[in-house]
Amino acid sequence: MPTDSTSYQNGATVTVLGNTGSLVRTGYSFASWDTAAGGTGTTQATGSTFTMGSANVTLYAVWSLNPTYTVTYNNSASGSSGSTPTDSTSYQQGATVTVLNNTGNLARTGYLFAGWNTTADGNGTTYTSGNTFEIGSAHVTLYATWGRWSGIKQFGASF
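These figures come from a predicted structure and were not determined experimentally.

Conventions and cut-offs
Residues numbered from 1 in each chain as written. Predicted model: local features only at pLDDT ≥ 70, side-chain atom pairs only at ≥ 80, totals over all residues. Heavy atoms only, no water. Helix = DSSP H or I, 4+ residues; strand = E, 2+ residues; numbered from the N terminus. Rg over C-alpha atoms; globule rule 2.2 N^0.38 Å. Buried < 20%, exposed > 50% of the residue type's maximum accessible area, 1.4 Å probe, protein only. Contact = heavy atoms within 4.5 Å. Areas by Shrake-Rupley, 256 points an atom, 1.4 Å probe, with all protein chains shown as cover. Pairing = 2+ DSSP bridges. 1 Å grid on protein atoms, 1.4 Å probe; cavity = no way out; pocket = protein on both sides within 12 Å on 5 of 7 lines; lining within 4 Å. Points joined across faces, edges and corners; volume = space filled by probe spheres on them. Nonpolar A, V, L, I, M, F, W, Y, C, P; charged D, E, K, R; others polar. Core = buried A, V, L, I, M, F, W, Y, C linked by side-chain atoms within 4.5 Å. Polar contact = N/O pair within 3.5 Å; in protein donor to acceptor, adjacent residues only side chain to side chain.

### Observations concerning the overall build of the protein chain
Secondary structure summary: the protein chain contains zero helices and 15 strands in total. For the protein chain, the C-alpha radius of gyration of 28 Å lies well beyond 15 Å, the compact-globule estimate for 159 residues. Principal axes of the C-alpha set define a box for the protein chain whose edges measure 100 × 35 × 25 Å. Burial statistics for the protein chain: of 159 residues in total, 21% are counted as buried. Pairs at least 24 apart in sequence give 67% of the contacts found in the protein chain among residues at least 6 apart. Accessible surface, the protein chain: about 10200 Å² in total, of which carbon and sulfur atoms supply 47%.

### A few points about the pairing of strand S15 (residues 140-148)
Across four bridges, strand S7 (residues 71-74) lies against S15 in parallel orientation. Paired with Tyr 73 across the bridge in S15 is Leu 142. With six bridges joining them, strand S12 (residues 111-117) and S15 adopt antiparallel strand pairing. What sits directly across from Gly 115, in S15, is Thr 145.

### Some remarks on the layout of surface pockets
Considering only enclosed or pocket space, the largest pocket measures out at about 420 Å³ in volume. Along its surface, the largest pocket is lined by 17 residues, and Pro 2, Asp 4, Val 57, Thr 58 and Leu 59 are the ones closest to its centre. Looking at the lining of the largest pocket, its residues break down into eleven nonpolar, five polar and one charged.

### A look at the nonpolar core
If you look at the biggest cluster of nonpolar residues, it comprises 15 residues, and the most contacted ones within it are Val 71, Val 99, Trp 116, Phe 133, Ile 135 and Leu 142. Counting only elements with at least two residues in this core, the list comes to S7 and S15. No other element matches the four residues that S15 contributes to this core. Leaving out residues up to four positions away in the same chain, Leu 142 has contacts with Val 71, Thr 72, Tyr 73, Asn 74, Val 99, Trp 116, Asn 117, Thr 118, Tyr 127 and Phe 133.

### Digging into unusual backbone geometry
Positive phi, normally seen in glycine, also occurs at Asn 105, with a value near 55 degrees. Position of Asn 105 relative to the elements: it lies in the loop between strand S10 (96-98) and strand S11 (107-108).

### Description of the side chain of Asn 66
Mapped onto the elements of the fold, Asn 66 is located in the loop between strand S5 (60-65) and strand S6 (68-69). On the basis of relative accessible area, Asn 66 is assigned to the buried category, the value being 19%. Once residues within four sequence positions are removed from consideration, Asn 66 is found in contact with Gly 27, Tyr 28, Ser 29 and Gln 92.

### Looking at the environment of Asp 121
In this fold, Asp 121 is placed in the loop between S12 and strand S13 (126-127). The spatial distance from the C-alpha of Asp 121 to the C-alpha of Ala 144 is 9.8 Å, given a sequence separation of 23 residues. A polar atom in the side chain of Asp 121 sits 2.8 Å from the side chain of Thr 119. A distance of 2.9 Å separates the side chain of Asp 121 from the backbone nitrogen of Asn 123, its partner in a polar contact.

Now the structure itself:
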């Protein structure tokens, strides 16, 4: 918590300190100070000034919720069955995402499930189960990718 150790006279100009104590709150960013707990008083921005009254002043940290982003799995291929996995986590920017497996038993006639891609046409970044990536500042959709089944089967034989 930043502390202003100056003793101010009634009517003196006070400059509001910044978050010099490096206060943190998980999932939030420091926004400003306020004269009342819960942000219902007068907001005091870092560097702003106010006139000292006849009583001590306590300023309370005001926090803004950091945005979160989602990862959605999509299977837009025709002739497919099964369901896409669901990732119910809300990720903050910079968080590491672990790519999910084909938990919904997606299948497509004549194809093998090959993984996930950042674009529906498969020309983006490809991920397989367990790969990780850092989430940016937007929601992410991963599309199922498919490889052509060659139809070649291998049979065991004894010679």
